Amino acid sequence: MGLYVYGVVQQDCPAPDGLTGIGPEEPDVHLVPVAEGLAMVASELPADAELGPEEVITHRRVIEEVFARCTILPFRFGTAVADEEDLLAAVAYLLPAWSERLQLLEGKVEVEVIADYDEETVLSGVVAGNPAVRELVATTRDRPEMGSLVQLGEAVAEEIDSWRSAEATRLVGLFGPLAAGHAERAARQDLRVRVALLVDRQALPDVESTVEELAEQDERITVELIGPLPPYSFAAVE
Amino acid sequence: MSQAYQARTPRSSGLYEVLDLILDKGLVIDAYVRVSLVGIEILTIDARIVIASVDTYLRFAEAVNRLELGGGESAEKRGLPEVMGELQEGGARSKTRGALSGVGESVSSALRGDQGEQSGERSEGPGLLGRAKEAVQESLGGERGEEASDEQSDAEEGVQSETSREQRGGPQTGSRAPQEGRRPPERRGGRS
């Protein structure tokens, strides 16, 4: 048997009763007290367990159910130790920093702003702003060879990368002091910008208004707000 | 355009949006137990391939050219690969959907491949795989370029858990990670 860990909480966290964790046996999720007034949210895990997409969903469910009661620093999916003794040994030196981080995150939530942009607008900007791209467009229009097409596409992709970073910075700026922290997130899609923000739970209505304003200002942007989420992006301590 | 805005609660939707938070973010410790991850790494590997592949570049090239010429029909005259036909509707929305289904499609095929090879007894269940399939069926016919298919079939073999930490190191690092340590030598010995 091993021990699967979901996150770190204060020992006084009123973790929900009857919460079940990863594995076919649906083991109870319990708190393992450690030093610094902290506790690990954990459940038993068979030694030969295989974790797949189903378990990703369970992992997320446990973290969010606990997060509904108290602040939690989530572990990355797939973190397990042999037993409590090993767990204590593995986390001992990290506990002071985790304790500090938990206090910092008290009352805060993560939200994610996902903005999708009109393709034509973004690409027009890219073409207009880069002479090399314009030249490649002319070349490939006359002679659409694979090599030059790839070259053009690569140049456009680079420009989109820069555009995305700049746009992420601009989006974060819109939230001003509402964002106690921010992180740019991998977009996965080309004309999309994602930023994770750390905000006070109580400021969520203001965050929503800001997102609404953004959507109203520019109809070429489709904005979505996801959350409140546990502070996944802000848990790790450097 | 306030309809564009919708707040969503994490529990009711958005697994795809939070997937890489769960897989890439959060605390890490020196764990003493190595957990077998089945069909997980492929989710992140494939997302990177979608972003930085020849397929993507060709889509951009096609989109920029179409922009300049001001019409979809001339794209055919230029003889660009058929694979890009799925994007000719234009607009960020359809493009977005194309990319998403690209991920979903190869995720589900990779999961199937993986389960066949490594854990045939494992039941799939609904959840992530089901959602991935839905995403595929819901959109586009889903032909993809040869380049992308090659990369996918490489990626399908790379589901060993040993390399998971390294591979999940950073979602923004482009196509570098998929090259690392995911070719079982005994099966790919003939490869140069």
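Residues numbered from 1 in each chain as written. Chains lettered and ligands numbered in written order. Predicted model: local features only at pLDDT ≥ 70, side-chain atom pairs only at ≥ 80, totals over all residues. Heavy atoms only, no water.

**Q** What is the right way to read the packing of helix α1 (residues 53-67) of chain A against helix α1 (residues 15-24) of chain B from this model?
**A** Packed helices, taken two at a time, are described by the angle between their axes plus the distance between the axes. Orientation of α1 of chain A relative to α1 of chain B, taken along the N-to-C sense of each, is 85 degrees, at an axis distance of 11 Å. On the basis of the axis angle, α1 of chain A is roughly perpendicular to α1 of chain B. Judged by residue contacts, V56, I57, H59 and R60 of chain A of α1 of chain A engage L15, V18, L19, I22 and L23 of chain B from α1 of chain B. Tallied by class, the residues present in the contact of α1 of chain A with α1 of chain B amount to seven nonpolar, one polar and one charged. (Axes fitted to C-alpha atoms, helices over the stretch in contact; angles between N-to-C directions. Helix = DSSP H or I, 4+ residues; strand = E, 2+ residues; numbered from the N terminus. Parallel < 35°, antiparallel > 145°, perpendicular 65-115°, else oblique. Contact = heavy atoms within 4.5 Å. Nonpolar A, V, L, I, M, F, W, Y, C, P; charged D, E, K, R; others polar.)

**Q** Could you clarify how one ought to interpret the state of the cysteines in this entry?
**A** Disulfides are covalent bonds that link the sulfur atoms of two cysteine residues. All names here are of chain A. Taken as a whole and assessed by the stated rule, the structure comprises one disulfide over all chains. Disulfide pairing is shown between C13 and C70; the S-S distance is 2.0 Å. Handedness here is read from the sign of the S-S torsion; for C13 and C70, about -80 degrees, the answer is left-handed. Taken together, the residues span a long stretch of sequence, with C13 in the loop between β1 (2-10) and β2 (30-33) and C70 in the loop between α1 and β5 (73-74) at a distance of 57 residues. Residue classification places C70 among the buried positions, given a relative accessible area of 16%. (Disulfide = S-S within 2.5 Å. Buried < 20%, exposed > 50% of the residue type's maximum accessible area, 1.4 Å probe, protein only.)

**Q** Looking at this model, I keep getting lost on the packing of aromatic side chains. Mind explaining?
**A** Given two aromatic rings, their pairing is described by the distance between the two centres and the angle made by the two planes. All names here are of chain A. Applying the stated criterion to the full structure yields three aromatic pairs over all chains. Between F75 and W98, the ring centres sit 5.7 Å apart and the planes meet at 90 degrees, which makes this aromatic pair edge-to-face. Taken as a pair, F75 in the loop between β5 and β6 (80-81) and W98 in helix α3 (residues 95-105) lie far apart in primary sequence, 23 residues in all. Comparing F75 with W98 shows no difference in burial state: the two are buried. With a centroid separation of 4.8 Å and 90 degrees between ring planes, the pair formed by Y117 and W163 is classed as edge-to-face. With Y117 in strand β7 (residues 108-117) and W163 in helix α6 (residues 146-175), this residue pair connects regions lying 46 residues apart in the sequence. (Phe/Tyr/Trp six-rings, centres within 6.5 Å; stacked < 30°, edge-to-face > 60°.)

**Q** Looking at this model, I keep getting lost on the environment of L19 of chain A. Mind explaining?
**A** All names here are of chain A. Residue placement: L19 occurs in the loop between β1 and β2. When its relative accessible area of 6% is taken as the criterion, L19 is described as buried. In this view, L19 contacts P27, D28, V29, R61, V62, E65 and V66; residues no more than four positions away in its chain are not counted.

**Q** Can you help me understand the packing of α6 of chain A against helix α7 (residues 204-217) of chain A in this one?
**A** All names here are of chain A. In the contact formed by α6 and α7, the axes pass within 9 Å of each other and the chain directions differ by 130 degrees. The angle between α6 and α7 places the two elements in the oblique class. The hand of the α6/α7 crossing is right-handed. Between α6 and α7, the residues in contact are R170, L171, L174 and F175 and V207, T210, V211 and L214, respectively. A per-class count over the contact of α6 with α7 returns six nonpolar, one polar and one charged. (Left-handed = near helix turned anticlockwise from the far one by under 90°.)

**Q** Hey, could you run me through α3 of chain A in this one?
**A** Given 3.6 residues per turn, any residue in an α-helix points the same way as the ones three and four places further on. Residue and element names in this part refer to chain A. Listing the buried residues of α3 in full gives L95, W98, S99, L102 and L105. Projected down its long axis, α3 shows its buried positions confined to an angular sector of 130 degrees, all on one face. Of the exposed residues in α3, the ones pointing more than 90 degrees away from its buried face are E100, Q103 and L104. Contact partners of the buried residues in α3: β1, β3 (38-45), β5, α2 (84-91), β7 and β9 (192-200). Downstream of α3 by a residue or two, G107 has a phi angle that is positive, lying close to 75 degrees. (Arc of directions from axis to C-beta.)

**Q** So what exactly am I meant to see when it comes to a negative patch on the surface here?
**A** Residues and elements named next belong to chain A. A surface patch of like charges, here negative, comprises E44, D83, E84 and E85. Topologically, E44 is positioned in strand β3. Owing to a relative accessible area of 35%, E44 belongs among the partly exposed residues under this scheme. (Patch = residues over 30% accessible without salt bridge, like charges linked within 9 Å, V, L, I, M, F, W, Y side chains within 5 Å. Areas by Shrake-Rupley, 256 points an atom, 1.4 Å probe, with all protein chains shown as cover. Salt bridge = Lys/Arg side-chain N within 4 Å of Asp/Glu carboxyl O. Lys, Arg positive; Asp, Glu negative; His and termini not counted. Charge placed at Lys NZ, Arg CZ, Asp CG, Glu CD.)

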